[in-house]
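# Topology and contacts: notes
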Amino acid sequence: MTGLRIGHGYDVHRLTEGRRLVLGGVEIPWEKGLLGHSDADVLTHAVMDALSGAARLGDIGKLFPDTDPAYQDISSLKLLREVGRLLGKKGFAVVNVDAVLLAQAPKIAPYKARMAENLAAALGVEAEQVNVKATTEEGLGFTGDGSGMAAHAVVLLEKIL
Ligand code: MG
């Protein structure tokens, strides 16, 4: 058995007026934001779910229940930092993270590098170990009509302890 572990994460949040849009820890000026208990950073949530899966920590709903007032409006980067700490405790190091945001608008390209830097910093890894990309879904479905955003992430962990 190798010391490598792969994980996949997926998340969805609804878009609504009167909320901030935070993606990968970057606040993006936009007419709508994502609805959720925390800052609803769908990209960071997908990354956390992938990491939790790879390390067999369950999922983020189990780690950070949305019924807990401690997590209300919290920065998801703080939660990611905690996931990183738990991984380290289990003897895992992050090899790489690859995440993709599914959103019709706004344009994400100007923010991708900062998102990757934020995710890497929260995990205590180099920026080059984290890749963030984005796609529209050609106007199709709930991401295409602007009612929500989704994100997928895959991660590779290595058991080092
Ligand atoms: Mg979520």
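Below, the structure is looked at part by part.

Conventions adopted
Counting of residues starts from 1 at the beginning of each chain's written sequence and follows it residue by residue. This being a predicted model, a pLDDT of at least 70 is required before a residue's local features are given, and a value of 80 or more before pairs of side-chain atoms are given or counted; all residues contribute to the totals for chains, interfaces and linings. Just so you know, side-chain values use all the structure's heavy atoms and leave hydrogens and water out. By salt bridge we mean one thing: a side-chain nitrogen of Lys or Arg within 4 Å of a carboxyl oxygen of Asp or Glu. A run of DSSP states H or I qualifies as a helix once it reaches four residues; a run of E qualifies as a strand once it reaches two. Both are numbered from the N-terminal end. Here the term buried applies to any residue with accessible area under 20% of the maximum for its type, exposed to any over 50%, and partly exposed to those in between, with areas from a 1.4 Å probe on protein chains only. As used here, the term nonpolar core means buried Ala, Val, Leu, Ile, Met, Phe, Trp, Tyr and Cys residues forming a set that is joined through side-chain atoms within 4.5 Å. Any two residues whose heavy atoms approach within 4.5 Å at even a single point are treated as in contact.

### Thoughts on the pattern of salt bridges
Tallied over the entire structure, the rule returns four salt bridges. We note a salt bridge from Glu82 to Arg85, for which the minimum N-O separation is 2.9 Å. With Glu82 and Arg85 both in helix 3 (residues 76–89), this residue pair falls three residues apart, about one helical turn. Taking the relative accessible area as the measure of exposure, Glu82 reaches 26% and is therefore partly exposed. A salt bridge links Lys133 to Asp98; the nearest nitrogen and oxygen atoms lie 2.7 Å apart. With a gap of 35 residues between them, Lys133 in strand 6 (residues 130–135) and Asp98 in strand 5 (residues 92–102) connect regions that are remote in the sequence.

### What about the nonpolar core?
Membership of the largest hydrophobic core comes to 49 residues, with the highest contact counts inside it found for Leu23, Leu51, Leu80, Leu87, Leu101, Met115 and Met149. A total of eight residues in this core trace back to one element, the largest contributor, which is helix 1 (residues 42–54). Sequence-distant contacts of Leu51, that is, excluding residues within four places in its chain, are made with Leu80, Val83, Leu87, Val94, Leu123, Val155 and Leu157.

### Observations regarding unusual backbone geometry
Cis geometry marks the peptide bond from Ala105 to Pro106; its omega dihedral reads -5 degrees. Structurally, Pro106 is set in the loop between strand 5 and helix 4 (112–123). If you check the backbone angles, Arg56 has positive phi at about 55 degrees while not being a glycine. The phi angle at Asp73 is positive, at roughly 60 degrees, despite the residue not being glycine. Within the element layout of this structure, Asp73 appears in the loop between helix 2 (60–63) and helix 3.

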